[in-house]
Amino acid sequence: MIKASAYTFKILRYDAQDPESTPRFASYRINVIPGLTVLAVLNRIRDEIDGTLAFRSSCRSAVCGSCAMVINGKLDLACRTQVSAFNTDTIILEPLPNFEVIRDLVVDMTPFWRMYDKIQPYLIRHSPVPEKEILQSEAERLRIDQYVNCILCACCYGACPVLAREPDYIGPAAAAKLERFVLDSRDERPAGALEILNDEKGVWACDTLFRCIDACPKEVRPTDAIVGLRKAIVKNRFQKMLGKAKDEA
Ligand code: FES
């Protein structure tokens, strides 16, 4: 028979709609069997104990990115974090940092999506549309491999020390997504498209502390993308000076 262990879940609760509300930890004592995830426990608390608890989830398979939060001080996905992985019987859950809290563990993702939208996160082509799909070699696909794995959970955004002091910074996720398209053999965006990140709120703002890499649950390395974009911007500048720059939009 599988033996359950008792855990205390302390969840930071707050309702931005309620003028009386102040952030406070609410405690729930739950028996958990090995293998149960933090998300499964949150569903139990909401379904069986307190229907007012707010959190996001969808796929329950570490694919949609909606259940990102701070779990015992670490940014991670609730659906892939097993409760028994911790050497403590107290699990503390908090909303993602660097965002406004809407309610409990639900944050307002608007600034994150604004930055994502800014970098034009899709293939840009000027050549005529081919009759067949554009094939990539294995090597070409490998170049973008890690960036394709990004699920836009915003763990990197929550971990970023620059965003804590500069909310208009483009952020690691948007930079990684831009690099994904810059490196894509099928993308034809002009060199000038990188200029959108060529300022003190773009790639030059990064402190290169690698917190985004530590926080990513999908092993994406946004700092590598930022360094890659910096190099590309400098290279484009030199090519422009030498009159060799690619056409600008
Ligand atoms: S519910 Fe989709 S990533 Fe966790």
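Sequence order as written defines the numbering, with residues in each chain counted from 1. Only residues with pLDDT of at least 70 are given local features in this predicted model, and only at 80 or more are side-chain atom pairs given and counted; all residues enter the totals for whole chains, interfaces and linings. Hydrogens and water molecules were not included; the side-chain quantities draw on all heavy atoms of the structure.

Let us look at the layout of surface pockets. Both cavities and pockets are sets of points on a 1 Å grid over the protein atoms alone; in a cavity a 1.4 Å probe fits but cannot get out, in a pocket the set is open with protein on both sides within 12 Å along at least five of seven lines, and lining residues sit with an atom within 4 Å of a point. Grid points are joined across faces, edges and corners, and a volume is the space filled by probe spheres set on the points. Its volume calculated, the second largest pocket comes out at about 170 Å³. Lining of the second largest pocket is provided by 15 residues; of these, Arg56, Gly65, Ser66, Met109 and Cys153 occupy positions nearest its centre. For the lining of the second largest pocket, the secondary structure elements donating two or more residues are β3 (68–71) and β7 (106–107). All amino acids are sorted into three groups, where Ala, Val, Leu, Ile, Met, Phe, Trp, Tyr, Cys and Pro are nonpolar, Asp, Glu, Lys and Arg are charged, and the leftover types, Gly among them, are polar. For the lining of the second largest pocket, a count of residues per class yields twelve nonpolar, two polar and one charged. Either an automatic procedure or a domain database provided the assignment from which the domain bounds are taken. The residues that make up the lining of the second largest pocket include at least three from each of domain 1 (5–107) and domain 2 (110–241). Counting from the N terminus, the helices are DSSP H or I runs at least four residues long and the strands are E runs at least two residues long.

Here the focus is the domain arrangement of the chain. What the domain assignment reports for the chain is domain 1 (5–107) and domain 2 (110–241). The gap between the C-alpha centroids of domain 1 and domain 2 is 30 Å. Only heavy atoms enter the contact rule, under which two residues are in contact if any of them lie within 4.5 Å. Every contact between the two is made by 13 residues of domain 1 and, on the other side, 15 residues of domain 2. The quantity reported as buried area is the accessible area (1.4 Å probe) lost by two parts once they are put together, taken as the sum for both. For the pair domain 1 and domain 2, the two sides together bury roughly 1,000 Å², of which 62% comes from carbon and sulfur. The largest share of the area that domain 1 buries against domain 2 comes from Leu75, Asn98 and Phe99, three residues that together contribute 50% of it. What makes a salt bridge here is a side-chain nitrogen of Lys or Arg within 4 Å of a carboxyl oxygen of Asp or Glu, nothing more. Seen at the junction of domain 1 and domain 2, the total is zero salt bridges. Any pair of nitrogen or oxygen atoms within 3.5 Å is treated as a polar contact; in protein, a donor-acceptor pairing is required on top of that, and neighbouring residues in sequence qualify only through side-chain atoms on both sides. Run the count over domain 1 and domain 2 and you get five residue pairs in polar contact (both at pLDDT 80 or more). The leading source of residues in the side of domain 1 that touches domain 2 is strand β4 (residues 74–77), at three residues.

On the basis of which strands lie adjacent, the open sheet formed by five strands has the order β2-β1-β5-β3-β4 and mixed pairing. Where the open sheet ends on each side, the last strands, each with one partner, are β2 (24–32) and β4. Going across the sheet, the axis of each strand differs from the next one's by a mean of 35 degrees, ignoring polarity. For two strands to count as paired, DSSP must find a minimum of two bridges between them. Examined bridge by bridge, strand β1 (residues 5–13) and β2 share nine bridges and lie antiparallel to one another. Each bridged residue has a counterpart across the sheet, and for phenylalanine 9 the counterpart in β2 is tyrosine 28. Note on geometry: axes are C-alpha line fits, over the in-contact stretch for helices, and angles between N-to-C directions span 0 to 180 degrees.

What follows is about the pattern of salt bridges. On inspection of all chains with the given rule, the structure shows 16 salt bridges. Note that arginine 13 is salt-bridged to aspartate 50, the shortest N-O span being 2.7 Å. Within this pair, whereas arginine 13 is found in strand β1, its partner aspartate 50 is found in the loop between α1 (38–49) and β3, the two being separated by 37 residues in sequence. The exposure class of arginine 13 is buried, given its relative accessible area of 6%. One salt bridge in this structure joins arginine 29 and aspartate 89, with 4.0 Å as the shortest N-O distance. Burial classification: accessible surface area is computed with a 1.4 Å probe over protein chains only, and a residue below 20% of its type maximum counts as buried, one above 50% as exposed, and the rest as partly exposed.

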